[in-house]
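# Architecture at a glance
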Amino acid sequence: MSAFDDVATALRNEFLSRELAGFELPGMGGASLRLAGVGTIAPSAVRSPALHAAAAAAGVELRVACAHTTVGALVADPRWDLAVVLSPTKRDAVHAVDACGPSAREAEVVDTVLRTPAGLIGLNTNVDAAGAAITRCVVPARCGLVAILGTGASARSVAVACRRWLPDAEVVLVGRSAERTAATAAALGLTAGSGAGADVVVNTTSWGETEASDAEPVGIDVEPLLAPGTVVFDINNRVSALKRMALERACAVVPGTLMQRLVNGLRIAVAQRLLGLD
């Protein structure tokens with residue numbers, strides 16, 4: 001068992017204990033769940049080889065049932081047991097489920113939904129996965145300032161993660177629109193700013209998610225944030241212009257694949273609990 005496996009196991013146990021407390025899950029029996037997705041990339045996300053490999057390793061079969069572009073369509077479709085919620089629908093999902101786990105309530109973001117006899121339960125796996133990924137690469141006591149790039153659902157989840165996992169760090173929100181950045185920062189109890197001097201920079205925008213987005217202007221002045229030794233955590237998986245720029249400036253780069261592996265593990269842990277396998 002690797003050090004990463006130890007981290008993932010501890011995270012799984014803590015997540016299940018906290019996020020599912022008070023919820024009665026049916027213990028469906030069997031080893032197969034119907035999987036759905038909602039969001040722009042839902043058709044590919046529900047077929048993710050990494051997610052299905054993680055499920056198979058845990059003795060769970062995920063059968064792709066459907067993919068939707070709106071939360072309303074997902075909720076109206078009875079053909080699924082577990083749903084992955086993707087941009088830009090994570091905030092909408094908060095208001096469409098019957099109950100939320102504590103992380104989903106705090107961030108006001110849902111990225112996973114369970115169907116139970118008592119109704120739909122909305123969970124947030126991104127908070128724990130982001131916190132664990134960042135603190136695998138940063139000593140909390142040495143992190144004084146975190147700059148979060150973006151103002152969307154992922155930024156909210158990372159902000160909550162920083163509040164829990166880096167409680168002594170100042171967290172600054174850096175966005176394209178000054179007005180929206182100030183409003184989001186105020187809602188989260190943060191400040192808006194340039195992020196200059198940050199020990200950790202977290203990119204939660206879609207910049208770099210695709211080759212096309214790499215070619216578009218990000219609208220944020222990132223170069224001053226990329227000082228040598230800065231930890232740059234990009235939640236996007238592909239090798240982007242931001243990652244290359246950070247490496248050229250002697251930053252320590254953490255790819256989104258680390259967080260995604262943790263998210264997959266938490267979703268599969270929830271699937272096991274839903275089936276009664278754990």
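To start, this report covers the structure provided alongside it. No experiment lies behind these values; they were computed from the predicted model shown.

## A word on the nonpolar core
Grouped together as the largest cluster of nonpolar side chains are 63 residues, with contacts concentrated most on Leu62, Val146, Ile148, Val202, Phe233 and Met259. Core analysis: the second largest hydrophobic core is formed by 18 residues, Ala198, Leu226, Val232 and Cys251 among them.

## Examining the pairing of strand 1 (residues 32–38)
Within strand 1, 5 of the 7 residues are buried, which leaves it mostly tucked inside the rest of the structure. Here 7 bridges tie strand 1 to strand 2 (residues 61–68), and the two strands are oriented parallel to one another. Directly across from Ala36, in strand 2, lies its bridge partner Cys66. Sheet topology note: the strand 1/strand 3 (residues 82–85) ladder contains 4 bridges and is parallel. Directly across from Leu35, in strand 3, lies its bridge partner Leu82.

## Quick notes on the environment of Asp128
Examined against the element boundaries, Asp128 turns out to sit in helix 7 (residues 126–137). In this structure Asp128 touches Leu11, Phe15, Arg18, Glu19, Ser103, Arg164, Trp165 and Leu266, once residues within four positions along its chain are discounted. Here the side chain of Asp128 touches Arg18 through a polar contact of 2.8 Å, side chain to side chain.

## Here's the deal with the pairing of strand 10 (residues 200–203)
The two faces of strand 10 match: Val200 and Val202 on one face and Val201 and Asn203 on the other face are all buried. In terms of strand pairing, strand 10 meets strand 11 (residues 231–234) through 4 bridges, oriented parallel. Counted as the bridge partner of Val201 is Val232 from strand 11.

## A word on unusual backbone geometry
For the bond running from Ser87 to Pro88, omega is 5°, close enough to zero to count as cis. At Glu108, a residue that is not glycine, the phi angle is positive and equals roughly 60°. Structurally, the position occupied by Glu108 is in the loop between helix 6 (102–107) and strand 5 (112–116). Phi is positive for Ala250, close to 65°, though the residue is something other than glycine. With respect to the element layout, Ala250 can be found in the loop between helix 11 (241–248) and strand 12 (252–254).

## Some words on the packing of aromatic side chains
Under the criterion given, the structure shown has 0 aromatic pairs. The residue whose ring lies beneath Arg115 is Trp80, and the NZ or CZ to ring-centre distance is 4.2 Å.

## A look at the pattern of salt bridges
Under the definition given, this model contains 13 salt bridges. Here Arg18 ties to Glu19 by a salt bridge, and the two come within 2.5 Å at their closest N and O atoms. Between Lys243 and Asp234 there is a salt bridge whose closest N-O contact spans 3.1 Å. As far as burial versus exposure is concerned, Lys243 and Asp234 are alike and both buried.

## Some thoughts on the packing of helix 1 (residues 3–19) against helix 12 (residues 256–275)
For any two helices packed against each other, the geometry comes down to the angle between their axes and how far apart the axes lie. Packing of helix 1 against helix 12 brings their axes to within 10 Å, and their N-to-C directions diverge by 45°. Here helix 12 runs oblique to helix 1, going by the angle between their axes. In the packing of helix 1 onto helix 12, the handedness of the crossing is right-handed. Here Phe4, Ala8, Leu11, Arg12, Phe15 and Leu16 of helix 1 come into contact with helix 12, specifically with Leu258, Arg261, Leu262, Leu266, Ala269, Val270, Gln272 and Arg273. Looking at the contact of helix 1 with helix 12 residue by residue, the class counts come to 10 nonpolar, 1 polar and 3 charged.

## Considering the sheet that holds strand 7 (residues 145–149)
Taken in spatial order, the 6 strands line up as 9-8-7-10-11-12 in an open sheet, and their pairing is parallel. Edge positions in the open sheet fall to strand 9 (191–192) and strand 12, since each of these has one partner strand only. In the sheet, strand 7 pairs with strand 8 (residues 170–174) via 5 bridges, with the strands oriented parallel. By the bridge assignment, Ile148 is partnered in strand 8 with Leu173.

## A word on the side chain of Asn264
With respect to the secondary-structure elements, Asn264 resides in helix 12. Look at Asn264 and you get buried, because its relative accessible area is 5%. Discounting chain neighbours no more than four positions away, the residues touching Asn264 are Ala50, Leu51 and Ala54.

## Some points on the layout of surface pockets
In this structure, the largest pocket spans a volume of roughly 1,400 Å³. What lines the largest pocket is a set of 50 residues, among which Ser87, Lys90, Ser154, Glu209 and Asn236 lie closest to the centre. For the lining of the largest pocket, the elements supplying multiple residues, two or more each, are helix 2 (42–45), helix 3 (49–57), strand 3, helix 5 (90–94), helix 8 (153–165), helix 9 (178–188) and helix 12. The dominant element in the lining of the largest pocket, judged by the number of residues it contributes, is helix 12, at 7 residues. The volume enclosed by the second largest pocket comes to roughly 410 Å³. Lining the second largest pocket are 19 residues, with Ala8, Ala54, Arg261, Asn264 and Gly265 sitting closest to its centre. Sorting the residues of the lining of the second largest pocket by element identifies helix 1, helix 3 and helix 12 as the ones contributing at least two each. With 8 residues, the single largest contributor to the lining of the second largest pocket is helix 12.

Cut-off values and rules
Residue indices follow the written sequence of each chain, beginning from 1 at its first position. Reporting in this predicted model follows two pLDDT cut-offs: at least 70 for local features of residues, and 80 or more for side-chain atom pairs to be given and counted; totals over whole chains, interfaces and linings ignore these cut-offs and use all residues. Here the side-chain values reflect all heavy atoms present in the structure, with hydrogen atoms and water set aside. Buried Ala, Val, Leu, Ile, Met, Phe, Trp, Tyr and Cys residues form a nonpolar core when they are joined through side-chain atoms within 4.5 Å. Exposure classes here rest on a 1.4 Å probe applied to the protein chains alone. A residue is buried below 20% of its type maximum, exposed above 50%, and partly exposed in between. By definition, any uninterrupted DSSP run of H or I lasting at least four residues is a helix, any uninterrupted run of E lasting at least two residues is a strand, and each is numbered from the N terminus. A strand pair is defined by DSSP finding two or more bridges across the two strands. By definition in these notes, contact holds between two residues if any of their heavy atoms fall within 4.5 Å. Here a polar contact is recorded for every N or O atom pair within 3.5 Å, except that within protein the pair must consist of a potential hydrogen donor and a potential acceptor, and residues adjacent in sequence are included only if both atoms are side-chain atoms. For Phe, Tyr and Trp, rings pair up if their centres lie within 6.5 Å, where Trp contributes its six-membered ring, and each pair is then called stacked (planes under 30 degrees apart), edge-to-face (over 60) or tilted (otherwise). Charge-over-ring contacts are defined here by two conditions on Lys NZ or Arg CZ: a distance within 6 Å of the ring centre and an angle within 35 degrees of the ring normal. We define a salt bridge as a side-chain nitrogen of Lys or Arg found within 4 Å of a carboxyl oxygen belonging to Asp or Glu. Fitted lines through C-alpha atoms give the axes, limited to the stretch in contact for helices. The angle between two N-to-C directions lies from 0 to 180 degrees. In this scheme, roughly parallel covers angles under 35 degrees and roughly antiparallel covers those over 145, while 65 to 115 is roughly perpendicular and the rest are oblique. By convention, the crossing between two helices is left-handed when the near helix turns anticlockwise from the far helix through less than a right angle, and right-handed when the turn is clockwise. Ten residues, namely Ala, Val, Leu, Ile, Met, Phe, Trp, Tyr, Cys and Pro, are considered nonpolar, four, namely Asp, Glu, Lys and Arg, are considered charged, and the remaining ones, Gly among them, are considered polar. Method remark: on a 1 Å grid restricted to protein atoms, a set of points is classed as a cavity if a 1.4 Å probe fits but cannot get out and as a pocket if it is open with protein on both sides within 12 Å along at least five of seven lines; lining residues have an atom within 4 Å of a point. Grid points are joined across faces, edges and corners, and a volume is the space filled by probe spheres set on the points.

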